[in-house]
Amino acid sequence: MSYDQIEVPENGEKITLADDESGELSVPDNPIIPIIHGDGIGQDVGPAAQKVLEAAAEATGRSVEWLRVYAGQSARDKYDENLPEDTVQAIKDHRVAIKGPLTTPVGAGFRSLNVALRKKLDLYANVRPTYHLDGVPSPVKNPSAMDMVTFRENTEDVYAGIEWEAGTDEVQQVKEFVEEEMGYDETMHDGPIGIGIKPITEFGTKRLVREAIEYAIENDRDSVTLVHKGNIMKFTEGAFRDWGYELAEEEFAEETITEDELWEEYDGEQPEDKIVVKDRIADNMLQQLLTRTADYSVIATMNLNGDYMSDAAGAQIGGLGIAPGANFGDGLCLAEPVHGSAPKYAGEDKVNPTAMILSGRLMFEYMGWKDAGKLIRDAVEKTISDGDVTYDLERQIEGGNKLATSEFADKIVENIEALS
């Protein structure tokens, strides 16, 4: 395989599909993994994450061969475009990749480079684990109660980008159609108006919920909660809820029960071999994240709800600076931290790389390297609980030892070696 302007490592092997139908991967012990360092602080957190991931792989008898690919500013410098085909094709070819934060420049032709990558690769599930690391300051009394994974649909809802700007001929056509043809003639106010469409499909819903339930089964999670605003948006978010329950019944009848069945058949005592599939209204769910945190394990929801939900959950465990994420498709994974590119700190070797490191952990778990993933979490947690932290945490911890980004990564590597 060849690309216009990137070189493939000679020593590594490709990750391939072991089963086209299930999307199960065949992962060698020396995989080639594409990496995009990203914009802004990506130049700091990218190399730091590489160092830690390499150490965890080596400690478990494996190795990683990095394939450097480009998007954002680095792609403009190398290709004179924001998202070169080389990058997209390399991720498709190698199945698993990791990226740092990207900034979409004004007038770039993309709403978001991150969204563009997800759409081009059909990465339909944005996955955000939220768990507390010992030693990380939190605004809540019991942050360790939070251990939740949000599956956020990536391709539909308002993020589909189907909207029209106020004052354009297109928005006027849509307005007239809605008012005159569909009968909503007393709904919209007079004057300038922007209009968007919110598509929710059975196909998109069911493949997202399938991914969430399969994750719950594989990781011994006890529930999957469908989060929606179906009490008001009955034919979009209400349909998401109904299709989610349908999927559970059609494909996972032996593994799942509903909340009603839990009480009717088991008197509220959950059997060990069953996952409870339940649903919650979105606004109620936001407060239950605080008041009944431990009741929720895996969340499946639409794009906008998932954005709110995962950020609110992230605040409970110390903020987005430590929040990992990844995007799953059929036999594809692109890991990425939740935070942005913070260009004013770029190149200062000071920011916290934990989110990208833990995103790499999620990538390793997707590859089946759960031992390496556990080692990464344990080493990161030990480093922070020992007070060896970057400036953002040091200023909140009495007696903390302030480290540069690279020094923090080195300390995690030391702890990986000590723990392995």
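This structure is a prediction, so every number in the text was calculated from the model and none was measured.

**Q** What's the story with the overall build of the protein in this structure? I'm lost.
**A** Helix and strand counts for the protein stand at 14 helices and 17 strands. A globule of 420 residues ought to have a C-alpha radius of gyration of about 22 Å, and the protein, at 22 Å, matches this closely. C-alpha extents for the protein along the principal axes are approximately 65 × 60 × 50 Å. Looking at the 420 residues of the protein, the share that counts as buried comes to 54%. Taking all contacts inside the protein whose residues are at least 6 apart in sequence as the whole, residues at least 24 apart take part in 73%. For the protein, the separation between the mean place of its 39 positive charges and that of its 82 negative charges on side chains is 4 Å.

**Q** Would you explain the sheet that holds strand S6 (residues 125-131) in this entry?
**A** By definition, the strands of a sheet pair up through backbone hydrogen bonds, in either a parallel or an antiparallel sense. If you trace the eleven strands from one edge of the open sheet to the other, you get S4-S3-S5-S15-S14-S6-S7-S13-S10-S12-S11, paired in mixed fashion. The open sheet has two edge strands, strand S4 (65-68) and strand S11 (256-258), and neither has a second partner. Neighbouring strand axes in the sheet, compared pairwise and without regard to direction, differ in orientation by 25° on average. In this sheet, strand S5 (residues 96-99) lies alongside strand S3 (residues 32-36) in parallel orientation, the contact comprising two bridges. The residue bridging Ile36 from the neighbouring strand is Lys99, located in S5. Contacting S3, S4, S5 and strand S15 (332-335), helix H3 (residues 85-94) runs over the sheet at an angle of about 145° to S3. Its contacts with the sheet place helix H7 (residues 237-251) against strand S10 (223-228), S11, strand S12 (275-281) and strand S13 (298-301), and it is angled at close to 160° to S10.

**Q** When you look at the packing of aromatic side chains in this model, what are you seeing that I'm missing?
**A** The geometry of an aromatic ring pair is captured by the separation of the ring centres together with the interplanar angle, meaning the angle of the planes. Enumeration over the complete set of coordinates arrives at six aromatic pairs. The interplanar angle of 70° and the centroid separation of 6.5 Å between the aromatic rings of Phe151 and Phe328 together place this pair among those described as edge-to-face. Placement of the pair is Phe151 in strand S7 (residues 147-153) and Phe328 in strand S14 (residues 326-329), with a sequence separation of 177 residues. Arranged with centres 4.7 Å apart and planes meeting at 45°, the rings of Phe328 and Tyr366 form a pair that is tilted. Placement of the pair is Phe328 in strand S14 and Tyr366 in helix H11 (residues 354-366), with a sequence separation of 38 residues. Members of the aromatic cluster, connected to one another through ring pairs, are Phe151, Tyr215, Phe328 and Tyr366. Over the face of the ring belonging to Tyr159 we find Arg152, whose NZ or CZ atom lies 5.1 Å from the ring centre.

**Q** What is the right way to look at the UniProt feature "site: Critical for catalysis" (unreviewed entry) in the protein in this model?
**A** Per the UniProt record, the feature "site: Critical for catalysis" (unreviewed entry) sits at Tyr159 and Lys229. Examined against the element boundaries, Tyr159 turns out to sit in the loop between S7 and strand S8 (163-164). Once residues within four sequence positions are removed from consideration, Tyr159 is found in contact with Lys119, Arg152, Asn303, Leu304 and Asp307. By the element assignment, Lys229 lies in the loop between S10 and H7.

**Q** Help me understand the nonpolar core, please; the structure alone is not making it clear to me.
**A** The nonpolar side chains of a soluble globular protein tend to be buried, and buried together. One finds Phe151, Met363, Phe364 and Ile376 to be the most contacted residues of the largest nonpolar core, which totals 86 residues. Per element, the largest residue contribution to this core is eight residues, and it comes from helix H1 (residues 42-59). For this core, the domains that each give at least three residues are domain 1 (1-137 + 319-419) and domain 2 (138-154 + 200-317). Excluding anything up to four places from it in sequence, Phe151 contacts Ala125, Asn126, Val127, Leu208, Glu211, Ala212, Tyr215, Val298, Ile299, Ala300, Thr301 and Phe328.

Thresholds, definitions, all that
- Residues numbered from 1 in each chain as written.
- Predicted model: local features only at pLDDT ≥ 70, side-chain atom pairs only at ≥ 80, totals over all residues.
- Heavy atoms only, no water.
- Helix = DSSP H or I, 4+ residues; strand = E, 2+ residues; numbered from the N terminus.
- Rg over C-alpha atoms; globule rule 2.2 N^0.38 Å.
- Buried < 20%, exposed > 50% of the residue type's maximum accessible area, 1.4 Å probe, protein only.
- Contact = heavy atoms within 4.5 Å.
- Lys, Arg positive; Asp, Glu negative; His and termini not counted.
- Charge placed at Lys NZ, Arg CZ, Asp CG, Glu CD.
- Pairing = 2+ DSSP bridges.
- Axes fitted to C-alpha atoms, helices over the stretch in contact; angles between N-to-C directions.
- Phe/Tyr/Trp six-rings, centres within 6.5 Å; stacked < 30°, edge-to-face > 60°.
- Lys NZ or Arg CZ within 6 Å of the ring centre and 35° of its normal.
- UniProt positions renumbered as here; feature names shortened; annotations may be inferred.
- Core = buried A, V, L, I, M, F, W, Y, C linked by side-chain atoms within 4.5 Å.
- Domains from an automatic or database assignment.

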